[in-house]
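Here's the letter readout for the chains.
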Amino acid sequence: MKKLIVIIIILLLIFVGMYMYKHNKIIGNQSTEVSIDEINKIETYLQKIYMWREITGDALPVFDEINDAPDVWLWEVVKKNLEEYTLTYEQLQDKAKEIFGEDLQKEFPKEGYEYMEYDEETNTYYAIGSGLDNQEDVFLLDKIQKQDNEYKVQIVEYLEDYSEGYETSDGAYNIQIKNLKDEIIGEVNSEESETNIQQVVKDNINRFTKKEVNLKTDENGSIYVTSVRNI
């Protein structure tokens, strides 16, 4: 009976460890001031605003304040987070405020843009499909510093390239891990977990791009990006 209890405890510890690793992707030393819940919230928000280089030019562009952010990136973030793909001007503008906060002063272009078409007859906008390549733009949380209602979040950027994947004898294929210069840093078998990909990044961290993302929270606890810089 005691042996069974010990086994159960060990399995629980392994499960908790796996959960923590998956959701707490901090590479460096992390202050205890930032809770796991905050880390999850930050990661979820960054996933909302992290885009695709082939469409927006940069998955996460550098800007001093949100109104300096490139228009295509900003509106593609809005489009990425839509629940419907036929919307009015007001709905698009409301979604932009929801994601970027009240500091956003930019207005959605009344005439639409390359990836959002305007229909004069119905007075609505239609999302246009975007052509994506076989390279997935990914980030890994590195460090988080908290002060009052603001966070400084360091991320590591990398690419998971599926375009050169080839089948092995067991039917799996290899995923190339690249930096933003398109240099191949390592390869991971498709049957391995995301943890193995992250380990390649950690082991070669100085070969990847890093950025500092500044975030703030409002009185309701919602998170908004305020600026992004290269580090």
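Please read all numbers here as calculations on a predicted model, not as lab measurements. (Residues numbered from 1 in each chain as written. Predicted model: local features only at pLDDT ≥ 70, side-chain atom pairs only at ≥ 80, totals over all residues. Heavy atoms only, no water.)

Trainee: Explain the environment of Val-153 to me, and be specific about the residues and the numbers.
Mentor: Note on placement: Val-153 falls in strand β6 (residues 150-161). For the pair Val-153 and Ile-39, spaced 114 residues apart in sequence, the C-alpha to C-alpha distance is 9.8 Å. Look past the residues within four positions of Val-153 in its chain and what remains in contact with it is Ile-42, Leu-46, Leu-141, Lys-143, Ile-144, Lys-211, Glu-212, Val-213 and Leu-215. (Helix = DSSP H or I, 4+ residues; strand = E, 2+ residues; numbered from the N terminus. Contact = heavy atoms within 4.5 Å.)

Trainee: Can you tell me about the layout of surface pockets, naming the residues and giving the values?
Mentor: Its volume calculated, the largest pocket comes out at about 240 Å³. Lining the largest pocket we find 13 residues, and of these Gln-47, Glu-136, Asp-137, Val-138 and Phe-139 sit closest to its centre. Mapped onto the lining of the largest pocket, the elements with two or more residues apiece are α2 (36-49) and β5 (135-147). Each residue belonging to the lining of the largest pocket can be placed in one class, and the counts come to five nonpolar, one polar and seven charged. By volume, the second largest pocket amounts to about 200 Å³. Lining the second largest pocket, in full, are Lys-41, Thr-44, Tyr-45, Lys-48, Glu-98, Ile-99, Gly-221, Ser-222, Ile-223 and Tyr-224. Those elements that place two or more of their residues in the lining of the second largest pocket are α2, α5 (89-100) and β10 (223-230). With four residues, the top contributor of residues to the lining of the second largest pocket is α2. When grouped by side-chain class, the residues that make up the lining of the second largest pocket number four nonpolar, three polar and three charged. (1 Å grid on protein atoms, 1.4 Å probe; cavity = no way out; pocket = protein on both sides within 12 Å on 5 of 7 lines; lining within 4 Å. Points joined across faces, edges and corners; volume = space filled by probe spheres on them. Nonpolar A, V, L, I, M, F, W, Y, C, P; charged D, E, K, R; others polar.)

Trainee: Describe the sheet that holds strand β3 (residues 116-119), naming the residues involved and giving the relevant values.
Mentor: The four strands are arranged β1-β4-β3-β2 in an open sheet whose pairing can be described as antiparallel. Only two strands of the sheet have a single partner each, and these edge strands are β1 (86-87) and β2 (112-113). Bridging between β2 and β3 involves two bridges; their strand directions are antiparallel. Across the sheet, residue Tyr-113 finds its bridge partner in β3, namely Met-116. (Pairing = 2+ DSSP bridges.)

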